[in-house]
Amino acid sequence: MSIEENKAVVGRWFTEFWGPDYNPGVIDELAAPDIRFEYSLHAPCRGRDAVRAFATKFRTAFPDLAFDGTADLIAEGDYVVGQWIGGGTHTGAAFDDMPIGALPAGSGKTMRFTGTSVLKVVDGLIVEEVGLDDGVTVLQQLGLIRPA
């Protein structure tokens, strides 16, 4: 696929997976069956079912979860890089998928943070998504660690 086609796949993924109007069907449409999915704030996932479970748990805890791009996508070969900002308010279920601490149900705490994601697209499917997020900011905002 061309660089522009890969960017289109990732653009759709960012909109339908990470955007405010989550479409769970996009996982089966755009993620490879054995997708590698890793962010510093969460346990790594492997495969569509694990990514779906992650998204369900995250969005159940943070029902207004949404992320938006902050710059044009950059692509080279099979790789597409995107910068983003987003977050949500914890008004849902308890949430413990973080490196330290957990939130009881409905804590009301809000997180807003930035990050960069690198996605690899092969034959129109995302085979890996690896991101670096501002986890320290999130953990501070959620009251799980204290500012220095």
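Under an unreviewed UniProt entry, the name given to the protein is Ester cyclase, and the source organism is Mycolicibacterium frederiksbergense.

Notes on helix α1 (residues 3-18)
Across its 16 residues, α1 extends 21 Å between first and last C-alpha, which sits within 8% of the 22 Å expected from 1.5 Å per residue. Residues of α1 that are buried include every one of Asn 6, Val 9, Val 10, Trp 13, Phe 14, Glu 16, Phe 17 and Trp 18, and no others.

Regarding the packing of aromatic side chains
Counted by the stated rule, this structure contains 18 aromatic pairs. Their ring planes at 20 degrees and their centres at 5.4 Å tell us that Phe 58 and Phe 95 sit as a pair that is stacked. Here Phe 58 is found in helix α3 (residues 48-61), whereas its partner Phe 95 is found in the loop between β5 (79-89) and β6 (110-122), with 37 residues between them in sequence. Grouping residues by exposure puts Phe 58 and Phe 95 together as buried.

Observations concerning the environment of Glu 16
Mapping Glu 16 onto the fold places it in helix α1. Given the relative accessible area of 19%, Glu 16 is considered buried. For Glu 16 and Met 111, which are 95 residues apart along the polypeptide, the C-alpha to C-alpha distance reads 20 Å. In terms of polar contacts, Glu 16 uses its side chain to reach the side chain of Asn 23, at 2.6 Å.

Quick notes on the nonpolar core
Grouped together as the largest cluster of nonpolar side chains are 37 residues, with contacts concentrated most on Trp 13, Phe 17, Trp 18, Phe 37 and Phe 62. Elements represented by at least two residues in this core include exactly α1, α2 (25-30), β1 (31-39), α3, β5, β6 and α4 (135-141). Sorting elements by how many residues they give to this core places α1 first, with 6 residues. Those residues within four positions of Trp 18 in sequence are excluded, and the remaining contacts are Trp 13, Phe 37, Tyr 39, Phe 54, Phe 58, Arg 59, Ala 66, Phe 67 and Glu 129.

Each value, and the rule that gives it
Residues numbered from 1 in each chain as written. Predicted model: local features only at pLDDT ≥ 70, side-chain atom pairs only at ≥ 80, totals over all residues. Heavy atoms only, no water. Helix = DSSP H or I, 4+ residues; strand = E, 2+ residues; numbered from the N terminus. Expected span 1.5 Å × (residues − 1). Buried < 20%, exposed > 50% of the residue type's maximum accessible area, 1.4 Å probe, protein only. Phe/Tyr/Trp six-rings, centres within 6.5 Å; stacked < 30°, edge-to-face > 60°. Polar contact = N/O pair within 3.5 Å; in protein donor to acceptor, adjacent residues only side chain to side chain. Core = buried A, V, L, I, M, F, W, Y, C linked by side-chain atoms within 4.5 Å. Contact = heavy atoms within 4.5 Å.

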